Each structure stands twice: as C-alpha cells, then as structure tokens.
Amino acid sequence: MSLQFTTYLIVGLTFALYIGIAIWARAGSTKEFYVAGGSVHPVMNGMATGADWMSAASFISMAGLISNMGYGGALFLMGWTGGYVLLAMLLAPYLRKFGKFTVPQFFGTRYYSKAASTVAVICLLIASTTYIIGQMTGVGVAFSRFLGVSNSTGIYIGMAIVFMYAVFGGMKGITYTQVAQYCVLILAYTIPAIFISMQLTGNPIPQLGLGSDMAGSSVALLHKLDLIVQDLGFSQYTTTTRLSTLNMFVYTVSLMIGTAGLPHVIVRFFTVPKVKDARASAGWALVFIAILYTTAPAVAAMAKMNLLKTINPNIMTNADVFAPDAQIAYDQRPDWMKRWEVTGLLKFADKNGDGHIQYYNDASKNADFQAKAAAAGWKGNELSVNADIMVLANPEIAMLPNWVIALVAAGGLAAALSTAAGLLLAISSAISHDLLKEKFMPDLTEKGELMAGKIAMACAIVVAGLLGLHPPGFAAGTVAIAFGLAASSIFPALMMGIFSKTMNKEGAMAGMLAGIGVTMFYVFAHKGIFFIKGTEFLVGSLGQNFFFGIEPNAFGTIGAIVNFAVAFAVKNMTAKVPDDIAAMVENVRIPRGAKAVDGAH
Amino acid sequence: MQHDSIGYWKATLGLIRTVLIIWFVVSYGFGILLAPELNNIHLGGYPLGFWFAQQGSEYIFVVLIFWYAWKMGKIDEKFDVHEN
C-alpha cells in the first residue's frame, strides 16, 4: 500500500470512529453524554479536557519549536502544564460554586454590571481570535502535507473544513467523541516516539530514553546531541535559554496564567457535578496532558538528531563534517524531503552550487566554526525547515512504517480540527448570546441568535485564515500570544473577583482594559497592527524587544501586573463594592450549598 | 455564618501558599533560575536543571494537584463545610 493511500485510510477510519460515536451517543439519552449532564466519570472528563486542550499548537508545533530552541523550549512545557495547578487551586472550585455557565456571566454577576461582562467578552474575542490564527497555521501544515498541496491551498481547504466541522457542531461537547479523539491523538504522538526512542537508545519509554545512553555506546543521548549541534555551529542544546533568563521567566508566567484565563478551558470546570470534582478533574486533565507534554521533549531532541544525521551522517561518527562528501547530495535526498518540498515548508537553495545540502547555523558566533565553514566552501545555510513540520515529518525522517506516518497525520488533523472548532463555537456564542442578545438586541429570536452565531463564526474563520497565510509566528508562538492576551485581561479579574471582597466593577474593568491594552500595544508594535505585516511601529526606533529584552509573546505577564495595579488604584478612587456582592464572595469560598449550574444558554 | 469561616479561609490560604511555594521552586527555581548550577549534577543522562524544566516540573505539577485536592477535602470536613 502506498503511503498516500494508507494515510487516507487511517484518517478516514478515525473520522468514521468519531462520527460513529457521536451518532451512537445521540441515540441514547442525549443529556447523559454531555459534560453538563454530570454523570461522566472524572477520568473520562480528564481525557476529554485533554483533547480539547491539545490543539495544533501542542501536537503539531510545540516539539518542533523545542527542537529549535533546546532547553529554552521548556517554557512551553512548564507554562502549559503549570497553569493547571493555578486553575485547580485558585479558580476551578470557586467558579464551580459560583454556579454560572460562562466567564462573561461570572463577570456580569460578580462585578454587578452588563458593562463588565461586555468588557470580558471583548477580551475573550481578542484572545480567541488570535488563538485561531495559530490554529489555522497548524491546520495549513497538516492539510498541505495530508493532501500534498501548497501551504496556502492547505489553509484554504482547512478553513472550509473547520467551518463545516464547527457548524455541524455535533462533534463538540460530546465527551465520548473527545475521549476517542484523545486516544487517537495520544497514540499518534507516542507510538512514533516509542519507535524512535528504541532505535536511538534501546529504551522504549521516550521519557527515559531521552535520559539514556545512545544504543551500543556509553555516551548519553543529550550529551551526544550537545556535541553534534555544536559541530554544526548551533548553540548547546541542553543549556540554551530563550533570549534571557528574565524573558524565559516571564514567558513561562504568561503561559501559566493564560492557561487559567482561557474560556474554553475554564468552562470545563463550571459544569462538573461538585466542587470537590472541580479540584480533582483538573488533576486528571493534567495527567492526560502530561503524557504528551513529557513525550514532547524526547520527540524534539530525537527529531533534531535524526534530521542532522540524515543531512550530514558524519556528525554521528566524529568524522569530518566539513568533508566535501559528508553532506548528502540534493538529488539523493530522501523521499520525505520531496514530499515536504511540495508544501513549500521545506526549501533547499544551493548557495555554493556543489549539489550537496549544507545545513548549519550560518549565524554562529563561533569564529573558529565560521572559519572552518568558509574553508570548506560553505556559503550559508541551504536548507530551511519550518519548525511546524517537525512533528509530522519526524516519523518519515526516522523511516518508520507507513501506518505510523499515517497515524501521525490523523492525530494532527484531529488536534487541529477539534480545538479550532471548539474555539469557533466559543466565539459564536460570545457574540450572539453574550454580546448581541444580552446587550444590544434583547428581542433577538432564538433563530436570529443562531444565525448571528454562524455569521460570526464565518467571519472569524476568514479573518483567522487570511492572517494565518502570513502568520505572526509559528503555530505555538501565535497561540502563546493568545495566552498572553488572556493572561493580561481575564486571569487577574477572575482572581480579584474571588480573592478580594473589595474589588469593585470600576477597578475590574479599568484593570482589564489597561492590561490587554498595554499587551496589545507591545505585540502590535512588533507584529503589526492586528498582525498585518508592514504596520509595525516603535521597534524601528527602539529596537526589537525594547522592554527589558522581553519578547512580545511573553508580554502577558507585564500586562497582568499592569492590570492588578490599575485595578487596585481605580478601586480606591471609586465607590465601595455593594454589601450583597461582598457577602456573595464570602459564600463562594465555601463548598457546601453548591447548586446545579444555572444561567441557561 | 454559623461555620468558622475565618478559620476555614485561613486553612485554605495556608494550603494554597504551601502548594504555590513548591510549584514555584520546582519550575521557576530549579527549572529556570538555578538550572545552570543544577546542570552540573546528572540524573542518568539528564543534566538536572534541564530535567526539572523539561520533565520533573510536569510530574510534580500532577502530584501537587491531587495532593491539594486530597488535603482540601480534609479541610472541608474539618470545618464541616463539605458537600453532602
């Protein structure tokens, strides 16, 4: 069977499985199968949350970025898991006790005004739309490879399919479909990792393989990797921080508090049966997420080693990497490179015209290395490999069986589609229900509300898709910006709503607007106004990362600090919070008396 | 309120503080700030600082949440505010 046929077959089978489960679940008692029904076992709920959470950014993009960044890539790993600790302790149990259905409803009640909930909706829309741009980048990568088309065609096709998927909507919210998606996704991620870990170290568990010696030698894999990346002018894998320690620190904070501020994650914990369950279900979700997140660093390191080894086999044997025939010849390149060249995400340019592929860090600051490269006639790096393709290409690079390659494609599509569709649904309900119906058009009919939701969804996907053609970064980087926006607006206001009895509506609103405002200002200064290329400002005169060397993706932390400071300053200048609201906050702190969720939708 | 709500809230915040300290020390402490020093120690083939950043923190986070949920259940019962 050809690879293309196997891929279609496995992708088709997995989708048949999701649809089959959706139909089967519907045929039974509908209510029971919704999370809100409350009869779902916490472990199942954890898997479903995992599928919801792990998007194109986690599945397709993250390991590739870690592969490029080395040690510094840990900011994604710590950031996107550590937030669950905050969520479990600081938000989930209290929001559950609060008994509302959505984040804007919480804001409307706790901050006793429609205006507060409108501000929250706007912040959510900005964060979610940015999130979808990142997802569309990932969708484009997955579809272009899956169908063998260019990346932009992949995005157009992906836009259409995501839209249908979201309108169909039935896949979403049914816990057992998501459990199936989780299973496909995690198998697709771990099976190739197990194969590759076996090949390289003889240890089948990737988490242990990464800390093992190379098969048949007594050199640790990470030590070997450190040596070979330096042989090609890259910086040491296990010690390279992301720009600076300060930047890596605030980047991690931004992702952590952003996790605890994103609507599609928080909503999961609104609807568990009890406060007690809200605490534990965050734990189960993290168990299933951590399986992927602890495998990712192994995928990253091993993919890097396999890629470098493919291009320049001499690095593994301490032979001369600069020898004229050390690098593979372009016309003898492996098939996987040809397949990815079609998408335009892998490119070769023969700068020195020798017909061989020189893949190295041509910006290396090591003078000794640069001298050797010049002596060997190297005229710059000739191979560009988009970081977002690493996970999907990884099993091909390692020459694993076709069914494994196909399985990874199926996992990538599942991850990209499920999260993008979920976010679109969140956007559509925020616009049609929380904004239009509650605020501007109270007599909107149910039919009109549905229509408005679909139009909002279509607009969001077109905007995100077009911006996804020229994305502000790799999929995971763009998603990180979305986390920063949520971190700077929603998280502080939620925290203050629960932990401060005196925070009033004026303070909360001013804080949110200031936090997201300053974050957007910094991001747009670097990435263009609303991510439109060519509209960058200030960086020309002040330089990149002008605020203490902090990159825009990490700026959510600064935004959150501004949010807290402004909120408390404004609070002290405005009217006291009403007594009944203070009493309500007091009551939210105690688990007893938690009612079923109201705030019908 | 008939319960000792001040005592309950104090106990809750105490537990949150303990968890946050551990959470901070393993990730930001061992994984970022002290990573260069810890990298001189090895855990199998892993430099220790690198391990905390890319593996250890994630495991410890999982344990922390379950430990918090269990301790919190005890506190709920002690102050008689648990759900029936």
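Since the structure is predicted, the reported quantities are computational estimates derived from the model, not experimental observations. (Residues numbered from 1 in each chain as written. Chains lettered and ligands numbered in written order. Predicted model: local features only at pLDDT ≥ 70, side-chain atom pairs only at ≥ 80, totals over all residues.)

Asker: Which parts of the structure should I look at to understand the overall build of chain B?
Answerer: When helices and strands are tallied, chain B shows 3 helices and 2 strands. Each helix and strand of chain B, placed in order from N terminus to C terminus, yields the pattern α-α-β-β-α. The C-alpha atoms of chain B give a radius of gyration of 17 Å, which is well past the 12 Å a tight globule of 84 residues would have. Seen through its principal axes, chain B has C-alpha atoms that stretch 55 × 20 × 15 Å. Classification of the 84 residues of chain B by burial places 42% in the buried group. In chain B, the proportion of contacts linking residues at least 24 apart, taken out of those at least 6 apart, comes to 50%. (Helix = DSSP H or I, 4+ residues; strand = E, 2+ residues; numbered from the N terminus. Rg over C-alpha atoms; globule rule 2.2 N^0.38 Å. Buried ≥ 20, exposed ≤ 12 C-beta atoms within 10 Å, placed from the backbone. Contact = placed C-beta atoms within 7 Å.)

Asker: Is there a simple way to think about the overall build of chain A in this case?
Answerer: Tallying secondary structure elements over chain A gives 24 helices and 2 strands in all. In summary, chain A has a C-alpha radius of gyration of 25 Å against a globular reference of 25 Å for 601 residues, a match within 12%. Along the first, second and third principal axes, the C-alpha set of chain A runs to 80 × 60 × 45 Å. Here chain A holds 601 residues, and 57% of them are scored as buried. In chain A, 80% of the contacts between residues at least 6 apart in sequence involve partners at least 24 apart.

Asker: Would you mind going over the interface of chain A and chain B with me for this structure?
Answerer: When the parts come together, some accessible area is lost, and that loss is often what is quoted as the size of the interface. On the side of chain B, 37 residues touch chain A, which itself brings 43 residues to the contact. If you list the elements that add at least two residues to the side of chain A that touches chain B, you get helix 5 (74-98), helix 11 (221-231), helix 12 (245-259) and helix 14 (275-311) of chain A. In terms of residue count, helix 14 of chain A provides more of the side of chain A that touches chain B than any other element does, 12 residues in total. For the side of chain A that touches chain B, a count of residues per class yields 24 nonpolar, 12 polar and 7 charged. (Nonpolar A, V, L, I, M, F, W, Y, C, P; charged D, E, K, R; others polar.)

Asker: Sorry, what's going on with unusual backbone geometry here?
Answerer: If a residue is not glycine, its phi is most likely negative; likewise, a peptide bond is most likely trans. Residue and element names in this part refer to chain A. With phi around 60 degrees, Asn-318 is a residue other than glycine that occupies positive phi space. By the secondary structure assignment, Asn-318 is in the loop between helix 14 and helix 15 (335-343). Classification of Asn-318 by C-beta neighbours within 10 Å gives exposed; the count is 10. One non-glycine residue with positive phi stands out, namely Phe-548, at about 50 degrees.

Asker: Which parts of the structure should I look at to understand the packing of helix 20 (residues 475-499) of chain A against helix 21 (residues 505-527) of chain A?
Answerer: The angle between the axes and the distance between the axes are what describe a pair of packed helices. Residues and elements named next belong to chain A. Orientation of helix 20 relative to helix 21, taken along the N-to-C sense of each, is 165 degrees, at an axis distance of 9 Å. Considering the angle they form, helix 20 stands roughly antiparallel to helix 21. The way helix 20 lies across helix 21 gives a crossing that is right-handed. Residues Ile-481, Gly-484, Leu-485, Ser-488, Ser-489, Pro-492, Ala-493, Met-496 and Gly-497 of helix 20 form the contact with helix 21, whose own contacting residues are Ala-508, Gly-511, Met-512, Gly-515, Ile-516, Thr-519 and Val-523. For the contact of helix 20 with helix 21, the per-class residue count stands at 9 nonpolar, 7 polar and no charged. (Axes fitted to C-alpha atoms, helices over the stretch in contact; angles between N-to-C directions. Parallel < 35°, antiparallel > 145°, perpendicular 65-115°, else oblique. Left-handed = near helix turned anticlockwise from the far one by under 90°.)

Asker: What is the right way to look at the nonpolar core in this model?
Answerer: In a soluble, globular protein the nonpolar side chains are often hidden away together inside. Counting 226 residues, the largest nonpolar core has Ile-60, Val-85, Leu-185, Ala-410 and Leu-424 of chain A together with Ile-65 of chain B as its most contacted members. Element by element, the count of residues in this core is highest for helix 14 of chain A, at 22 residues. Both domain 1 (3-306 + 395-588) and domain 2 (307-394) of chain A contribute no fewer than three residues apiece to this core. Residues within four places of Leu-424 of chain A in sequence aside, it is in contact with Ile-132, Ala-166, Met-457, Ala-460 and Ile-461 of chain A. (Core = buried A, V, L, I, M, F, W, Y, C linked by C-beta atoms within 7 Å. Domains from an automatic or database assignment.)

Asker: Hey, could you run me through the domain arrangement of chain A in this one?
Answerer: Residues and elements named next belong to chain A. By the assigned domains, chain A splits into domain 1 (3-306 + 395-588) and domain 2 (307-394). With centres defined by C-alpha atoms, the gap from domain 1 to domain 2 works out at 33 Å. Counting from both sides, the interface comprises 38 residues of domain 1 and, opposite them, 26 residues of domain 2. If you list the elements that add at least two residues to the side of domain 1 that touches domain 2, you get helix 4 (56-69), helix 7 (114-147), helix 8 (151-168), helix 11, helix 14, helix 17 (390-397) and helix 18 (402-440). By residue number, the principal contributor to the side of domain 1 that touches domain 2 is helix 4, which donates 8 residues. Tallied by class, the residues present in the side of domain 1 that touches domain 2 amount to 20 nonpolar, 14 polar and 4 charged.

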